[in-house]
Structure formats: C-alpha cells, structure tokens
Amino acid sequence: MSQVLAPAAEVPDDLVELGYIGDAYGIQGWIKVQPHGGDGEGLLTAESWYLQRPGDTTFSTAEVLQSRGHSGTVVAHLRGSDSRTSAEALKGFQVWVPRSAFPTADEDEFYWVDLIGAQVTNLQDESLGKVVGLLDNGVHTVLRVAYDVPAADGKPAKAAERLIPFVGQYVQTVDTEAGRIVADWGLDY
C-alpha cells in the first residue's frame, strides 16, 4: 500500500468527501468506491484523490489512472495498486476530492454539496429550515430540510425534518452563492 498512497504534502481547503472504498474490484488492483450521492461525478473527473481512514486526521494522496461508473458505484485503478491484495488494503478509506476539481455544472444543475447548508424559504418568505442532506429516491432528488418545532402545550422544543422534492414544481429558485432556496411549500406540509 505504501506505493499506492503518498503522504499529502498540502491539503486543499475545499476538500469534499464524496464516498468510501467499499471493496476490491477484480484481480488487477482496481477498487470499488461507493459514492455518497449522485453518480460520482467529482470522482470521475479528478486526477488524484485524497484518502483518509475514518477517525484519522491525516490525508494521503493517490493518483487515479482510470475510473468509470459501474452500477451506481465508481471503479478505479490507482497508480501502484496492481493486485487484489493491494486493492483490499484500501477498503474503508474515505475518498475526498477538491471542490475546484469538479466539472462546471450546467445552469439548472447543482452539486449536492453546494445545496447542503442552504436556507429554505417558501413563497411567503417563511423559513422552512436548512438543507442538511439530500436523498435520491430513484425518481428524483429530495431535500432534507431541518427545522425546530417550538415548545407548545407543555411539550419541549424539538428538531424536525421536512422532505421537499427537488423538482421544478416545488423548487422555484436556487441561489448557491447566497445559500438560499425558495420552494412552493407550506409550513404545515
């Protein structure tokens, strides 16, 4: 594994965790990466990845020789990984890529990482909460919007979540620069 991973001399400020190495793929040193969301677009375009063991604070780098999508995962061949054994030694590593290495999204396309943290309001400018994650239900993406339910009738305040389909019928505007999404969605939905 020492020939596959090199200590990261410099770690970019804009690293985004995109997935984890789930297993070896085949017998020639390829790995299978399970992306956290989407089809692994950022994984497929980066020439090198930053790898980190869960709970560790240091990063290593690995040069990506080839990568491609495969049945909802990304399979890749890293420089120095030439056997199933060397690929299996990478199992469990988190895979990080600089946000600046992502391809430019089209005007009506968004990376999930750019939506997380956005404040969501409705057409009446009432706060619906903050995007804490996204789900892919196979048909479309769904925003997970967290909000606080105030204390009432002797019940304590609590955290709750709204699921808002990320489709044009409900999502009216997205401003990633301002971190704001406007949705046609009621407070009581």
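Scroll up for the structure.
Residues numbered from 1 in each chain as written. Predicted model: local features only at pLDDT ≥ 70, side-chain atom pairs only at ≥ 80, totals over all residues. Heavy atoms only, no water.

Enquirer: Account for the sheet that holds strand β10 (residues 141-149), with residues named and values stated.
Expert: Read from one edge of the open sheet, six strands run β11-β10-β9-β8-β13-β12, paired in mixed fashion. Looking at the sheet topology across the chains shown, the edges are occupied by β11 (158-165) and β12 (171-175). Averaged over all adjacent pairs, the angle separating strand axes in this sheet is 30°, with direction ignored. In this structure, strand β8 (residues 119-122) lies alongside strand β9 (residues 127-136), joined through three bridges in antiparallel fashion. Looking at β9, one finds that Gln119 is bridged to Lys130. (Pairing = 2+ DSSP bridges. Helix = DSSP H or I, 4+ residues; strand = E, 2+ residues; numbered from the N terminus. Axes fitted to C-alpha atoms, helices over the stretch in contact; angles between N-to-C directions.)

Enquirer: Any details on the pairing of strand β3 (residues 30-35)? Residues and values, ideally.
Expert: Pairing between strand β2 (residues 15-25) and β3: six bridges, direction antiparallel. Its bridge partner lying in β3, Ile21 is registered against Val33. Where β2 folds back on β3, the antiparallel hairpin that results is connected by four residues, among which Gly26 adopts a positive phi of roughly 80°. When β3 meets strand β6 (residues 73-78), the two strands line up antiparallel, connected through four bridges. Along β6, the bridge assignment pairs Val33 with Val74.

Enquirer: Would you mind going over the pairing of strand β5 (residues 60-70) in detail, with residue names and values included?
Expert: Here is the key point about a regular strand: its side chains alternate between the two faces of the sheet. Direction of pairing for strand β1 (residues 6-7) relative to β5: antiparallel, over a ladder of two bridges. Within β5, the residue paired with Pro7 across the bridge is Ser60. The pairing of β5 with β6 spans six bridges and is classified as antiparallel. Within the sheet, the bridge partner assigned to Ser67 lies in β6 and is Ala76. The hairpin formed by β5 and β6 contains two residues between the paired strands, and Ser71 there has a positive phi angle of roughly 50°.

Enquirer: Any details on a negative patch on the surface? Residues and values, ideally.
Expert: The grouping of Asp39, Glu41, Asp106, Glu107, Asp108, Glu109 and Asp136 at the surface amounts to a negative patch. Relative to the assigned elements, Asp39 resides in the loop between β3 and α1 (41-45). For Asp39, a relative accessible area of 55% translates into the label exposed. (Patch = residues over 30% accessible without salt bridge, like charges linked within 9 Å, V, L, I, M, F, W, Y side chains within 5 Å. Areas by Shrake-Rupley, 256 points an atom, 1.4 Å probe, with all protein chains shown as cover. Salt bridge = Lys/Arg side-chain N within 4 Å of Asp/Glu carboxyl O. Lys, Arg positive; Asp, Glu negative; His and termini not counted. Charge placed at Lys NZ, Arg CZ, Asp CG, Glu CD. Buried < 20%, exposed > 50% of the residue type's maximum accessible area, 1.4 Å probe, protein only.)

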